[in-house]
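Here's the letter readout for the chains.
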Amino acid sequence: MTALQNFLLAQERSDNALPTWFSSRQQTAFDRLKNRGLPSARDEEWRLTKLTELYKQEFCPAIATNALSLQDAQLTASANSRIVFVNGILDAGLSDSSFVSGLSIEPLEQAVLSNKLDLEPFFNTSVPTEPHGFLSANTAFASSGYVIHINDNIIVDSPIEIIFIANNVGAAAWHCRNIIVANKHSNATVIERHIASGSAGVYLSNCVTELHLADGARVDFYKHQDEALSAYHIGGVYSEQSRDSHLTTNNIAIGSKIARNDIFATLSAPGAHCEMNGIIVLAHDQHVDNCTEVVHAKPNCTSDEYYKSILDDQSRSVFRGRIIVAKDAQKTDANQQNKNLLLSSRAEADTKPQLEIYADDVKCAHGATVGQLEEKSVFYLRSRGISEEMARALLTFAFANDVIGRFRIADIQKQLSAQLADRLLGEALSDIGIDGLFGETS
Amino acid sequence: MLSIKNLKAEIDGKQILNDLSLEVGAGEVHAIMGPNGSGKSTLANVLAGREGHEMTAGSIDYLGKNLTDYNVEERAAEGLFLAFQYPVEIPGVSNIAMLKAAVNSIRKYRKEDELTAGEFLKLIKEKAALVEMKQEFLQRSVNEGFSGGEKKRNEILQMAILEPTLSVLDETDSGLDIDALKIVAHGVNTLRSPDRSMIVVTHYQRLLDYIQPDYVHVLAGGKIVKTGDKDLALELEERGYGWLEQQVETG
């Protein structure tokens, strides 16, 4: 049996009578998946991320588990609305949405069936026209996920939190599809957490989020991927931005055995701005592949991309940064930085900036570094009485700090700092506490 | 307090210190002067325990202990402080966090209780005033974007907070304008006490107008070739080092 057959057998498509526009797009994706199959090492875009082991798995559809409770440490305290999916299935009991006028938060299937919102322009429309197999699979099999719809001029003050939790699950796969529509001059913060609890086996979470920003909309989006270390996470964040809109995608990748994430942004009208932040912290044999793409389709758009990874043991990070500046996208200002810190001689970082510039009056800057902690800094701290272990901890955190500093929500900053402190160096930092640890950059 | 006997040290296999001996008593301030490349900074770094500065012969006794038995951070906890010639910039670590980590690490080593947040802030405020450092510098990343003078003041601030028994100031005066020099010297002089010693490595006599040494040593060719009082510094200012180096070669 081929990997694809294996994969297809295991998946179920929804029985519900869905609107034609929806089911026909699912059918198209399903046909494409059958014809093209899943990505292999021969695909240039997937060359550095080996999925051989994943393809040997026989994934079954996920089933819901018994009730679980979430710990405070996994939640964003300031969030007022929360949707929780357990093994890809909505858990209404854990979900809690407070009413905000002009804001609608719904499960995908319900939103599609009720047809109160016109989702036709927003489902599968911000994704690449030549999707890879996992994206096709996500489109074909998506029956779960969330839809956030924000009306014109609505400012949603507190963050909206979506939790995808894998709980006591074996070799299951789920394909959640999420849609965020921010209408004109609306403003919202959305936090996606991908976490695990209980015993979690070799599961696959294939999770795609589409963002549509109308004129002047501002969205601050977080994807906090902290899957079980045995898990696969394949995902995508695909956005399309209209005039003067402002999107920040913050990509925090800490978990999973192998993760692959597409972060694609299309700036479709003048004045749009997109900021992409990424912090990847890996150890053991973890592997995280981030494929980013910013398309400057129109003039006077700006983008600012800042990705950092910290790699210990024999972990590996892959970063691709593609910036495409279309022919009439004059006065584009695009910046891309990727910095990698290797804490072990066996860790590996691959970084690949790709700039395709067809306009002639643009500013595009990019830089990539791979390095280790500076020994002169370690010596300096040690000479002040700080142990070598703590000196290295401080310097490692300092490296992560300027990305974390870009996150606008204090909750997230603090939680993430604490998690990184715990994850990377446990005791060394608990001695001094992490409050006020990080310097302000001049 | 410090007794260095027949010290030889090399960097990357190249011998820098050659049979250097130096005795520093409690409460004394020793100035070490000498031409470029004579080994002044090497001596400072060997004392601090910097990697790559290999001691090949001789002994360093500090408060009755063999200094080389201690690693870098243990030396600091034992009361040895090096003010760097080129303080390192550490983006992302705040000055105050580094100081807190340093103070509490040293207290832990000495089996003392950690300072409370309140005690620590009080200490920092008091010492920052001593070197005329504004509060905002404490929140800034260590030395990042600091001017030369600010970096050196930051070194003295750290020294004032850690209250070392033996301070080694490695060309703390280089690149300072006269106002910054006075502030630095004031900070250093405030710390002088009968149970604290200092080794002031400098290229210029000017610093010694503000920090008056008990002894002045001239380091040349990796060893101390002449020792005197502060008048020796004035003589060096006038005559340079050539006459001493010649003496060494012919002697």
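Our subject is the structure listed above.
Analysis parameters
- Throughout this document, residue positions are counted from 1 along each chain, in the order its sequence is written.
- Working convention: letters from A go to chains and numbers from 1 go to ligands, in the order in which they are written.
- Note on the predicted model: pLDDT of at least 70 is required for a residue's local features to be given, and 80 or more for side-chain atom pairs to be given and counted; whole-chain, interface and lining totals, by contrast, use all residues.
- Each side-chain value is derived from all of the structure's non-hydrogen atoms; neither hydrogens nor water enter the calculation.
- Whether two residues are in contact is decided by their heavy atoms: any pair within 4.5 Å suffices.
- Values labelled buried area give the accessible surface lost by two parts on being combined, using a 1.4 Å probe and summing over both.
- Criterion for a salt bridge: a side-chain nitrogen of Lys or Arg within 4 Å of a carboxyl oxygen of Asp or Glu.
- Any N or O atom pair separated by 3.5 Å or less is treated as a polar contact, with the protein-specific requirement of one donor-capable and one acceptor-capable atom, and with residues adjacent in sequence counted only for side-chain atom pairs.
- Secondary structure elements are taken from DSSP: a helix is a run of H or I of four residues or more, a strand is a run of E of two residues or more, and numbering for both begins at the N terminus.
- Whether a residue is buried, partly exposed or exposed follows from its accessible area with a 1.4 Å probe, protein chains only, as a fraction of its type maximum: under 20%, in between, or over 50%, in that order.
- For this analysis, a ring pair means two rings from Phe, Tyr or Trp (six-membered ring only for Trp) whose centres lie within 6.5 Å, classed as stacked if their planes differ by under 30 degrees, edge-to-face if by over 60, and tilted for the remaining angles.
- Here, a charge over a ring means that NZ of Lys or CZ of Arg falls within 6 Å of the ring centre while also lying within 35 degrees of the ring normal.

In this complex, chain A contributes 26 residues to the contact, which on the side of chain B involves 41 residues. Together, F379, Y380 and R384 of chain A form the three largest contributors to the area buried by chain A at its contact with chain B, with a combined 31%. Across the chain A-chain B interface, the total number found is two salt bridges. Residue E73 of chain B pairs with R382 of chain A through a salt bridge whose shortest N-O separation is 2.5 Å. Summed over the shared surface of chain A and chain B, the number is nine residue pairs in polar contact (both at pLDDT 80 or more). Among the elements of the structure, α6 (375-382) and α7 (388-404) of chain A are those that each provide at least two residues to the side of chain A that touches chain B.

This next bit is on unusual backbone geometry. In the Ramachandran plot, N153 of chain A falls in the positive-phi region, its phi being about 65° despite a non-glycine side chain. Position of N153 of chain A relative to the elements: it lies in the loop between β5 (146-150) and β6 (160-169). If you check the backbone angles, N143 of chain B has positive phi at about 65° while not being a glycine. Secondary-structure assignment places N143 of chain B in the loop between β8 (141-142) and α6 (148-162). Residue N143 of chain B is classed as buried on the basis of its relative accessible area, which comes to 0%.

Glancing now at the packing of aromatic side chains. Applying the stated criterion to the full structure yields 15 aromatic pairs over all chains. An angle of 75° between the planes, with centres 6.0 Å apart, marks the rings of F30 of chain A and F141 of chain A as edge-to-face. Within this pair, whereas F30 of chain A is found in helix α2 (residues 20-36), its partner F141 of chain A is found in helix α5 (residues 133-141), the two being separated by 111 residues in sequence. The buried category is assigned to F30 of chain A, whose relative accessible area is 15%. When its relative accessible area of 5% is taken as the criterion, F141 of chain A is described as buried. Aromatic rings pair up to connect W21, F22 and F123 of chain A into one cluster. A cation over a ring is seen here: K308 of chain A above F399 of chain A, with NZ or CZ 4.2 Å from the ring centre. Between R239 of chain B and the ring centre of W243 of chain B, over which it is positioned, the NZ or CZ distance is 4.0 Å.

Here we take up helix α1 (residues 40-48) of chain B. All names here are of chain B. For α1, the tally of buried residues reaches eight of nine residues, placing the bulk of the element in the interior. Every buried residue belonging to α1 is among K40, T42, L43, A44, N45, V46, L47 and A48, and all of these are buried. Directly after α1, the chain includes G49, whose backbone phi takes a positive value near 90°.

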